[in-house]
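An overview of the molecular structure
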Amino acid sequence: MMNGESPQDATANYADNRASPSTNPVAPMRGVSDGKTATAMSTHKGTTGTIFEAAFVDPAYTWPPAEGQGKNAIELQASTALIKSVAPNDRLDELDDDEVSLTPSMMSSDDEGAATSPRSRRNVQTTTTTTKKRFGCCKSSNEQIISANSSNDLVSKSSSFGSRFQKGSKAERRAERQRRIIAKKKKRRREARARERYRRVPEGILIYRLDTSDRTITLVSGPSSNTDMNTLMTKMVVINAKPSSDISRRGIILTGVRGEIHTVVACEQRTAIAWLESMDMMLASSPNDATRAAMENQLGEGVAMNRVLSQKSTRSNWAKGKESKLSQTERDQIEERYVNLAAYSNNLIRAGAFPNSNANSQGKGKAAGGGGGIYYTVTQIHDDGEEYDEETLESIAKRRAVIKDSWDFFRMVCSLLRDKRKYDEVFRKLQLDPVYSYLNSMTGLNDPGDDMAMGGNIGADKPITQMHLTEYDDMSNSQIAKDLVRRAEVALPSLVEICKALAGSLGMEEVGVGPVKDASSALRKAEKKYEGDVLKVTDYCRALLVVKDFPTLLALLELARDSFGPLIRRVKLSTLKSDRNAKPGGYRDCIINLELKDHICEIQIHMWPMWVICGVDGFRHYRHCLEYSTDTFGDPYEALAGLDRKTMAELIVMAEEAVADMPLETLEWYHEKFILDYFAEVGLFLHHGLHEWAETTLRALIKLRCQSPDIGPDHHETITLYKYLEQALRAQKRIDEADEVAAKIAEYKQLKTNEKVEADKSTWDQWVTEPFESIVDPNKKERE
């Protein structure tokens with residue numbers, strides 16, 4: 001099962017012509033399946049491939065339909081199929097059930113004979129029933145398997161099945177006959193359901209089937225009322241496929257063997273991505289006998305096909321680099337694993353495994369997209385009652401878990417570097433403050449900093465420590481840490497009173513105290529930073545103050561010096577200096593250490609513009625950046641370096657899973673979670689050669705950032721998106737458009753340079769015309 005989709009029911013034209021949603025019983029035209037072959041049956045044997053069936057938008061209609069017109073679901077199918085060697089024109093659906101045996105490559109390799117069994121083609125089809133129950137609850141029992149067939153090398157019918165009857169007992173023969181009778185009844189019911197299925201398709205929807213074994217795409221549903229029969233694509237042998245620049249990011253441009261070009265637009269993003277990836281894999285292989293036969297049917301016998309029957313498609317990304325050296329067996333294995341993963345992910349989405357509980361997805365009454373929680377799908381592989389190997393599903397689930405962890409990590413890197421850029425931009429703006437020049441020239445107390453390049457110290461060279469008591473000589477590190485925790489609890493009330501006094505004098509609203517650091521945390525910090533010396537840990541007893549700007553910070557430092565100067569042991573300003581490095585992750589603050597009740601405490605002074613970016617989660621941001629060394633990345637997409645093409649394709653499946661509830665066209669400027677997901681997916685597209693879809697996504701994100709009241713067109717985040725857009729355009733050889741984007745980026749840089757020049761000029765003018773104290777502490781008279 002692959003890529004089940006849930007397209008919405010009507011279009012605007014459909015709603016105008018009908019009062020309520022209905023189905024389209026129009027009889028299929030010539031060249032279109034009448035329903036008899038609507039099941040996922042193989043066309044050729046002796047080759048490997050996958051069969052996909054999916055819903056696409058009729059060009060005469062729009063998708064999604066206007067709000068309020070309802071939805072219908074079109075079940076999308078894909079069955080990984082490995083076909084046995086038979087004559088190319090034989091059809092699997094012409095065989096009786098008793099001619100088919102099950103040896104799918106998807107079964108466990110531990111099965112007897114799995115290593116030596118010939119390749120087979122597996123056909124899977126499922127039916128979907130409507131249910132309102134969520135994933136994990138009781139499911140409806142109406143979920144049925146339509147068909148599950150696969151084939152091995154077929155020898156003559158008489159010898160194959162005659163031997164089975166000769167060896168068995170009379171009871172076994174009777175059971176075999178009964179099994180075959182039941183199988184034929186099931187087959188007739190499956191065929192009846194299949195015929196009905198594609199005869200009644202929602203208006204404006206076309207169902208196409210892709211068979212990668214012979215590179216054909218075939219229309220298997222009938223036309224709609226407004227379908228343009230002159231331009232409708234009914235069948236094509238594909239020689240090239242690439243993403244279209246459709247703003248919905250669901251379009252694929254197909255080129256046929258006769259040179260015809262058609263653009264198909266899927267009803268959901270996942271369909272377009274899975275189909276394009278599978279076609280890219282398909283086109284990287286050398287044409288097989290089935291493909292040659294399909295091409296001859298399209299071109300006619302005797303037509304030279306040297307051009308189209310070249311060894312491999314040079315335009316396929318899977319025919320480039322190290323992937324070009326893959327054997328056909330390796331390609332088949334990669335294709336099967338990809339299809340299985342995408343199908344498994346799709347089934348989770350369809351089953352409602354990711355509840356659409358995010359409030360953001362309800363914005364402006366737009367549909368969140370996806371069919372999770374409404375339609376539930378069951379896929380099984382079996383042979384007339386024999387269950388498929390459970391290890392198969394388990395292995396797919398394990399692979400998905402690995403890829404999901406990789407996607408989560410990459411997304412986290414994108415989030416961390418996004419926040420780092422925010423910190424850097426805030427610090428750039430803070431430096432435009434007239435008093436910053438004075439602050440930048442100040443020297444802290446006992447503050448060589450942590451930047452070794454600037455002569456500072458790190459770790460064991462910390463200039464201040466807790467008081468070393470004689471009793472500590474006979475105590476373990478754990479005992480010392482516990483004693484320091486006890487002393488911190490004694491000093492905490494005094495620290496609270498000092499913070500209250502400072503906050504009251506300066507009118508600060510953001511104040512926090514404690515809790516006291518526990519002994520285990522202190523031991524871990526000592527091991528990580530101070531070579532195990534717990535006396536170097538000076539934040540057992542801690543508090544925080546948030547100041548609104550640099551003048552308020554300078555006023556606080558002056559007030560602290562005048563009020564309790566003898567107690568101050570360190571004033572650390574190094575991260576606020578323009579020539580010093582920020583903390584890991586880009587954060588900058590001021591730290592005051594003072595000694596209370598023979599214990600060194602810590603007051604963290606945060607700048608409000610920086611504090612508001614992550615709030616209390618700022619420490620988590622700092623810890624993750626430190627742990628994963630994210631500051632070594634100049635670009636979050638560098639985290640993808642070294643990944644092979646197969647892994648990249650699987651990561652895109654996980655990206656689509658993350659945005660299943662929010663198609664690109666429904667995204668709004670306040671959907672921050674999904675905007676980050678799409679930004680991370682852009683990186684995958686750029687590294688995977690899908691530059692058209694990267695461009696489409698970036699243009700949508702830029703539009704949303706321009707609409708945001710907190711960001712706008714000249715914000716650094718918007719400019720960052722423009723940089724990636726320029727990269728995507730240049731990769732497509734659209735140089736003129738790329739140059740226009742580059743000019744906009746250069747204009748932004750010039751604007752920031754002018755801001756710095758103006759700020760320096762106004763600072764000098766203010767120093768000349770105003771007293772120094774009014775600049776450093778503009779509220780000093782009011783406070784006094």
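1. Examining unusual backbone geometry
- Unusually for a residue other than glycine, Lys597 sits at a positive phi of about 55°.
- One can find Lys597 in the loop between β17 (590-596) and β18 (599-607).
- Notably, Asp598 is not glycine yet its phi reads approximately 60°, a positive angle.

2. Examining the environment of Arg705
- Checked against the element boundaries, Arg705 lands in helix α16 (residues 691-707).
- For the pair Arg705 and Glu717, spaced twelve residues apart in sequence, the C-alpha to C-alpha distance is 7.8 Å.
- Excluding residues that lie within four positions of it along the chain, Arg705 makes contacts with Trp669, Glu672, Ile675, Ile711, Gly712, Glu717, Thr718 and Leu721.

3. Focus on the nonpolar core
- With 79 residues, the main nonpolar core has Tyr208, Leu254, Trp275 and Met279 as its most contacted residues.
- The greatest single-element share of this core, amounting to ten residues, is contributed by helix α15 (residues 672-688).
- Residues within four places of Leu254 in sequence aside, it is in contact with Ile217, Met233, Met236, Val238, Asn240, Ala241, Glu260, Ile261, His262, Val264 and Met279.
- Tyr436, Met508, Val571 and Cys601 belong to the second largest nonpolar core, which has 62 residues in total.

4. Quick word on helix α13 (residues 618-628)
- Looking at α13, one finds that the buried residues are Gly618, His621, His624 and Cys625. Looking straight down α13, one finds its buried side chains confined to an arc of 125°; they lie on one side.
- Backbone geometry just downstream of α13 places Ser629 in the positive-phi region, at approximately 50°.

5. Points about the pattern of salt bridges
- Using the criterion set out here, one finds 38 salt bridges in the structure.
- The salt bridge partner of Arg561 is Asp562, with a shortest N-O separation of 3.2 Å.
- Here Arg561 falls in the exposed class, since its relative accessible area comes to 54%.
- For Asp562, a relative accessible area of 53% corresponds to the exposed category.
- Across the salt bridge formed by Glu755 and Lys752, the nearest N and O atoms sit 3.6 Å from each other. Here Glu755 and its partner Lys752 are both found in helix α18 (residues 735-769), three residues apart, which amounts to about one turn of the helix.
- Relative accessible area serves as the criterion here: at 16%, Lys752 is assigned to the buried category.

6. Topic: the pairing of strand β11 (residues 251-256)
- Most of β11 sits out of view: five of its six residues are buried.
- Summarising the sheet, strand β10 (residues 235-243) and β11 pair through five bridges and their orientation is antiparallel. If you follow Ala241 over to β11, its bridge partner there is Leu254.
- Across five bridges, β11 lies against strand β12 (residues 261-265) in antiparallel orientation. Bridge pairing in β12 links Ile253 to Thr263.
- Connecting β11 to the antiparallel partner β12 that follows it, the hairpin turn spans four residues, and Gly259 within it adopts a positive phi of roughly 90°.

7. Quick look at the sheet that holds strand β15 (residues 542-547)
- Pairing in this open sheet of five strands is mixed, and the strands run β14-β15-β18-β17-β16 from one edge to the other. Each edge of the open sheet carries a strand with a single partner, namely β14 (511-513) and β16 (568-572). Ignoring strand direction, the axes of neighbouring strands in this sheet form an average angle of 15°.
- With six bridges joining them, β15 and β18 adopt parallel strand pairing. Counted as the bridge partner of Arg542 is Glu602 from β18.
- Relative to the sheet, helix α9 (residues 477-506) contacts β14, β15, β17 and β18, its axis offset from that of β18 by approximately 40°.

Cut-offs and rules
Residues numbered from 1 in each chain as written. Predicted model: local features only at pLDDT ≥ 70, side-chain atom pairs only at ≥ 80, totals over all residues. Heavy atoms only, no water. Helix = DSSP H or I, 4+ residues; strand = E, 2+ residues; numbered from the N terminus. Contact = heavy atoms within 4.5 Å. Core = buried A, V, L, I, M, F, W, Y, C linked by side-chain atoms within 4.5 Å. Buried < 20%, exposed > 50% of the residue type's maximum accessible area, 1.4 Å probe, protein only. Arc of directions from axis to C-beta. Salt bridge = Lys/Arg side-chain N within 4 Å of Asp/Glu carboxyl O. Pairing = 2+ DSSP bridges. Axes fitted to C-alpha atoms, helices over the stretch in contact; angles between N-to-C directions.

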